[in-house]
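# Geometric and topological summary
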Amino acid sequence: MPSAALPACRLSVALSLCLSVLTATAQEDTEQDEFPYRPGLVASYTAGGASATRIDETIAFDWQDAPPDPRMGAGPFQAKWTGRLWTQVAGQHRLAIYAAGGKATLKLAGRELISAAAAEPAWLVSDPLELEFDRHPLEVTFEKTGPRARLGLYWLGPGFGLEPVPERFLMHDRQGSPAAHFERGRRLAAALRCGACHGDAPHGVELPAPALDKLAGNIE
């Protein structure tokens, strides 16, 4: 490309990016006016002096001895998920937690349904309860105390048997949604193949690192 065309090309790209941002912002504002919820639960993790907040689409984890989040080290930790459980069919439901290596509690609409410790893998099941069609406030906590931990959220209700709670039935208030800068940064680092040099790529799938001397003007 001739050098004289470079400024025009960069201006075109910049304008396209600005239009994309404005369009996305306008769409998000419209969605906020139309629907006050976002998918997933707000998850808060603490371990030692470290903490992390993110969105978890569902509760289905088999941590074993690994940390719950890459921003903290391995060992004991506390986790809390808040949001809403959407029941589309009125009737009798039961909630269940499959847990190991710690203590789990579950509250629905402010009512504690489950609170028990499970050193070994065990089912923790609530009593039957009548639920209306609604998005019920949900809170789940877990404290890891053993060397290995896992946690899963299940339910059963009118017309369906025991199954993991699907992500489409878990949501949180839009106004309480945390920023996703860390997750976006991880995706960007993966897209730019930073792990090839900085050791963050999974073993066996490393791609060649980009030629940094060719990136001038393309990324910052």
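Residues numbered from 1 in each chain as written. Predicted model: local features only at pLDDT ≥ 70, side-chain atom pairs only at ≥ 80, totals over all residues. Heavy atoms only, no water.

### Describing the pairing of strand β5 (residues 78–87)
When you tally the buried positions in β5, you get seven out of ten residues, the bulk of the element. Inspection of the sheet shows strand β2 (residues 41–47) paired to β5 by five bridges, in the antiparallel sense. Bridging across to β5, V42 finds its partner in T82. As defined by bridge partners, β5 adjoins strand β11 (residues 134–144) across ten bridges and the pair is classed as antiparallel. Pairing of Q78 across the sheet is with E143, part of β11. Of the strand pairs in this sheet, β5 and strand β14 (residues 170–173) are connected by two bridges, and their pairing is antiparallel. Along β14, the bridge assignment pairs R84 with M171. (Buried < 20%, exposed > 50% of the residue type's maximum accessible area, 1.4 Å probe, protein only. Helix = DSSP H or I, 4+ residues; strand = E, 2+ residues; numbered from the N terminus. Pairing = 2+ DSSP bridges.)

### So, a nonpolar patch on the surface
A surface patch of nonpolar side chains, amounting to about 360 Å² of accessible area, comprises W123, V125, L156 and L162. You can see L162 is positioned in strand β13 (residues 160–164). Judged by relative accessible area, which is 47%, L162 ranks as partly exposed. (Patch = residues over 30% accessible without salt bridge, like charges linked within 9 Å, V, L, I, M, F, W, Y side chains within 5 Å. Areas by Shrake-Rupley, 256 points an atom, 1.4 Å probe, with all protein chains shown as cover. Salt bridge = Lys/Arg side-chain N within 4 Å of Asp/Glu carboxyl O.)

### Considerations on the confidence of the model for the protein
Averaged over all residues, the pLDDT of the protein equals 83, while 71% of them reach at least 70. Low pLDDT (under 50) marks residues 1–15, which in the prediction has three contacts with non-local residues, meaning those over four places away or in another chain. (pLDDT = per-residue confidence, 0-100. Contact = heavy atoms within 4.5 Å.)

### A look at the packing of aromatic side chains
In total, this model carries 13 aromatic pairs according to the counting rule given. The interplanar angle of 50° and the centroid separation of 5.2 Å between the aromatic rings of W155 and F160 together place this pair among those described as tilted. Residue classification places W155 among the buried positions, given a relative accessible area of 3%. Residue F160 is classed as partly exposed on the basis of its relative accessible area of 25%. The rings of Y45, F61, W63, F77, W81 and F142 are connected pair by pair, giving a single aromatic cluster. (Phe/Tyr/Trp six-rings, centres within 6.5 Å; stacked < 30°, edge-to-face > 60°.)

### Describing the nonpolar core
Of all hydrophobic cores here, the largest spans 38 residues; its most connected members are W63, W81, I97, L106, L138, F142 and L151. Excluding residues that lie within four positions of it along the chain, L106 makes contacts with L95, I97, R111, E112, L113, I114, L138, E139, V140 and L153. (Core = buried A, V, L, I, M, F, W, Y, C linked by side-chain atoms within 4.5 Å.)

### Quick word on the environment of R54
Mapped onto the fold, R54 is located in strand β3 (residues 50–56). For the pair formed by R54 and A43, sequence separation is eleven residues and the distance between their alpha carbons is 5.3 Å. A polar atom in the side chain of R54 sits 2.7 Å from the side chain of D56. (Polar contact = N/O pair within 3.5 Å; in protein donor to acceptor, adjacent residues only side chain to side chain.)

### Notes on the environment of D56
Structurally, D56 is set in strand β3. As a C-alpha pair, D56 and L41 span 15 residues in sequence and 5.4 Å in three-dimensional space. Once residues lying within four places of it in the same chain are set aside, the contact partners of D56 are G40, L41, A43, Y45, F61 and W81. For D56, the side chain forms a polar contact with the side chain of Y45, separated by 2.7 Å. There is a polar contact of 2.9 Å between the side chain of D56 and the side chain of W81.

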